[in-house]
Amino acid sequence: MAAADAPGGLTPIATPDSELADSDLVPAPPGANDWSCRPSTAHPRPVVLVHGTFANRLSAWPAMSPALTAAGYCVYALNYGRGLGDMIAGVGSMPVSAQEISVFIDRVRTATGAQQVDIVGHSQGGVLSRYYLKYLGGASKVNTLVGIAPDNHGTTWGLFELPVSLSAGPTALCPACIQQLPDSDFFRELNRDGETLPDINYTVIATRTDEFATPYTTGFLPPGPNVENITLQDVCPGDVSEHMAITLDPVVIRMVLNALDPAHRAPIVCGGPRFGSITGEQGPR
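Everything quoted here is computed from the prediction, not taken from an experiment.

J.: Can you walk me through the pairing of strand β5 (residues 201-206) in this structure?
T.: A regular strand carries its side chains on alternate faces of the sheet. Burial runs high along β5: five of the six residues are buried. Relative to β5, strand β4 (residues 142-148) is paired through five bridges, and the arrangement is parallel. Residue pairing across strands places valine 146 opposite threonine 203, the latter belonging to β5. Two strands pair when backbone bridges link them, and β5 and strand β6 (residues 227-231) are joined in this way by five bridges, in the parallel orientation. Note that in β6 the partner of tyrosine 202 across the bridge is valine 227.

J.: Teacher, can you tell me more about the nonpolar core here?
T.: Val48, Ile119 and Phe186 are the most contacted members of the largest nonpolar core, which totals 39 residues. If we ignore the near neighbours within four places in the chain, the residues touching valine 48 are Tyr76, Leu78, Phe104, Ile105, Val108, Val117, Asp118, Ile119 and Val120.

J.: Would you take a moment to explain the state of the cysteines for this structure?
T.: One way to say it: the disulfide is the covalent bond shared by the sulfur atoms of two cysteines. Tallied over the entire structure, the rule returns three disulfides. Here cysteine 37 connects covalently by a disulfide to cysteine 74, the sulfurs 2.0 Å from one another. Note on the cysteine 37 and cysteine 74 pair: the S-S dihedral is about -80°, so by sign convention the disulfide is left-handed. Linking cysteine 37 in the segment before β1 (47-50) with cysteine 74 in the loop between α2 (64-70) and β2 (75-78), this pair joins segments that are 37 residues apart in sequence. Here cysteine 37 matches cysteine 74 in class, with each residue buried. The residue that forms a disulfide with cysteine 236 is cysteine 270, at a sulfur-sulfur distance of 1.9 Å. For the disulfide bridge between cysteine 236 and cysteine 270, the dihedral angle about the S-S bond is near -75°, and by the sign convention the bridge is left-handed.

J.: Help me understand the side chain of histidine 243 in this model?
T.: Residue placement: histidine 243 occurs in the loop between α9 (232-235) and α10 (250-260). A distance of 2.9 Å separates a polar atom in the side chain of histidine 243 from a polar atom in the side chain of serine 123. Polar side-chain contacts of histidine 243 include one of 2.9 Å to the side chain of aspartate 210. When sequence neighbours within four positions are dropped, the list of residues in contact with histidine 243 reads His122, Ser123, Ala149, Thr207, Asp210, Glu211, Phe212 and Ala213.

J.: Explanation requested: the sheet that holds β1 in the structure shown.
T.: Each strand in a sheet pairs with another by means of backbone hydrogen bonds, the pair being arranged parallel or else antiparallel. Pairing in this open sheet of six strands is parallel, and the strands run β2-β1-β3-β4-β5-β6 from one edge to the other. Strand pairing shows two members of the sheet lacking a second neighbour, β2 and β6, which therefore form its edges. Mean inter-strand twist for the sheet, computed between neighbouring axes without regard to direction, equals 15°. Here strand β3 (residues 117-122) runs beside β4; their pairing, made up of five bridges, is parallel. From the neighbouring strand, histidine 122 faces β4, where its bridge partner is isoleucine 148. Each of β1, β3, β4 and β5 touches helix α4 (residues 124-135); the most contacted strand, β3, lies at about 140° to it. The sheet strands contacting α10 are β1, β3, β4, β5 and β6, and the helix crosses β4 at an angle near 160°.

J.: What exactly am I supposed to notice about helix α3 (residues 94-112) here?
T.: Since the α-helix turns once every 3.6 residues, residues separated by three or four places project in the same direction. For α3, with 19 residues, the first-to-last C-alpha span of 27 Å sits near the 27 Å given by 1.5 Å per residue. For α3, the full list of buried residues reads Met94, Ser97, Ala98, Ile101, Ser102, Phe104, Ile105, Val108, Arg109 and Thr112. On the buried face of α3, the contacting elements are β1, β2, β3, α4, α7 (175-179) and α8 (185-191). Directly after α3, the chain includes glycine 113, whose backbone phi takes a positive value near 80°.

J.: What's the story with the pattern of salt bridges in this structure? I'm lost.
T.: Two side chains bearing opposite charge may form a pair once their charged atoms approach each other closely. Under the criterion given, the structure shown has six salt bridges. With a closest N to O distance of 3.1 Å, lysine 141 and aspartate 106 form a salt bridge. With lysine 141 in the loop between α4 and β4 and aspartate 106 in helix α3, this pair connects stretches of sequence that are 35 residues apart. Judged by its relative accessible area of 17%, lysine 141 falls in the buried class. The shortest N-O distance in the salt bridge between arginine 208 and aspartate 234 comes to 2.8 Å. On the criterion of sequence distance, the pair formed by arginine 208 in the loop between β5 and β6 and aspartate 234 in helix α9 is long-range, its members being 26 residues apart.

J.: Where do I start with the confidence of the model for the protein in this structure?
T.: A low pLDDT score tells you not to read the predicted coordinates there in detail. Averaged over the protein, the pLDDT score is 87; the fraction of residues at 70 or greater is 82%. Under a pLDDT of 50 for its full length, residues 1-21 has, in the predicted model, 43 contacts with residues more than four places off or in other chains. Across residues 273-282 the pLDDT falls below 50, and counting only partners more than four positions away or on other chains, this stretch makes 28 contacts in the model.

J.: I would appreciate a short explanation of empty space enclosed by the protein in the present structure.
T.: Over the atoms rolls a probe the size of a water molecule, and its path tells where empty space is left. Scanning the model with the defined rule gives three cavities of 30 Å³ or more in all. Taken as a whole, the largest cavity spans an internal volume of roughly 50 Å³. Counting residues per element, the ones that place at least two in the lining of the largest cavity are α4, β4 and β5. Here the lining of the largest cavity is composed, by residue class, of six nonpolar, four polar and one charged.

How each quantity is defined
Residues numbered from 1 in each chain as written. Predicted model: local features only at pLDDT ≥ 70, side-chain atom pairs only at ≥ 80, totals over all residues. Heavy atoms only, no water. Buried < 20%, exposed > 50% of the residue type's maximum accessible area, 1.4 Å probe, protein only. Helix = DSSP H or I, 4+ residues; strand = E, 2+ residues; numbered from the N terminus. Pairing = 2+ DSSP bridges. Core = buried A, V, L, I, M, F, W, Y, C linked by side-chain atoms within 4.5 Å. Contact = heavy atoms within 4.5 Å. Disulfide = S-S within 2.5 Å. Polar contact = N/O pair within 3.5 Å; in protein donor to acceptor, adjacent residues only side chain to side chain. Axes fitted to C-alpha atoms, helices over the stretch in contact; angles between N-to-C directions. Expected span 1.5 Å × (residues − 1). Salt bridge = Lys/Arg side-chain N within 4 Å of Asp/Glu carboxyl O. pLDDT = per-residue confidence, 0-100. 1 Å grid on protein atoms, 1.4 Å probe; cavity = no way out; pocket = protein on both sides within 12 Å on 5 of 7 lines; lining within 4 Å. Points joined across faces, edges and corners; volume = space filled by probe spheres on them. Nonpolar A, V, L, I, M, F, W, Y, C, P; charged D, E, K, R; others polar.

Here you go:
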């Protein structure tokens, strides 16, 4: 059923993941992974949600996924780089995790019949999506990448800089933690010979209160006609959403919707509650 064509204008209700498409123990977030969903004419590309380090698809997207589904998108979310019984993910080797994302996107394209998808990636999820685009054949399969607080040039790990940098533990338990340091081989490979691709639309949303992707400007990509770098507080100065809360922020959700469908941008409304409808002063579109 097309997302926008359900009876009475309702969006599809997520059904349990099939074994073929998804073997994760962590359930999908609300509204996601309805494998019978067929993209509508209004929103022809499914949206794939890619969580960050120490997260999983349910913890990262409880607000974003139902908002996108309600807007008429077919939405899909995976776990990658899993550890500790699947509940904590995003800790495995980053090139291997990028391969997992590649396999999942091909499953989404096969199930929906869509030639391309859009990706919304949080933190490491935004970085891995760039690796997929550049090195794993994703450039022809993706139209838009929205990175929410991504560490596109590595992170000093903010409050956690010392233990992550000096302890041997993260190397064994969380290879991705070490690979996300700014001077890692992973970032040297990712960012050599250009950081963006000409046929992909990039939006980066960063927050000055980020305590994990540090400095927060690590997320910004080189300026270009297909790149939009947004600092949350430049739009809504009073918004203090940090690295973990940013995916729950209604302001950021609206920014994501605008990036996915720029022809139908809606005004950004600042100062609203964390969940539900947003009221308050309007910011820039």
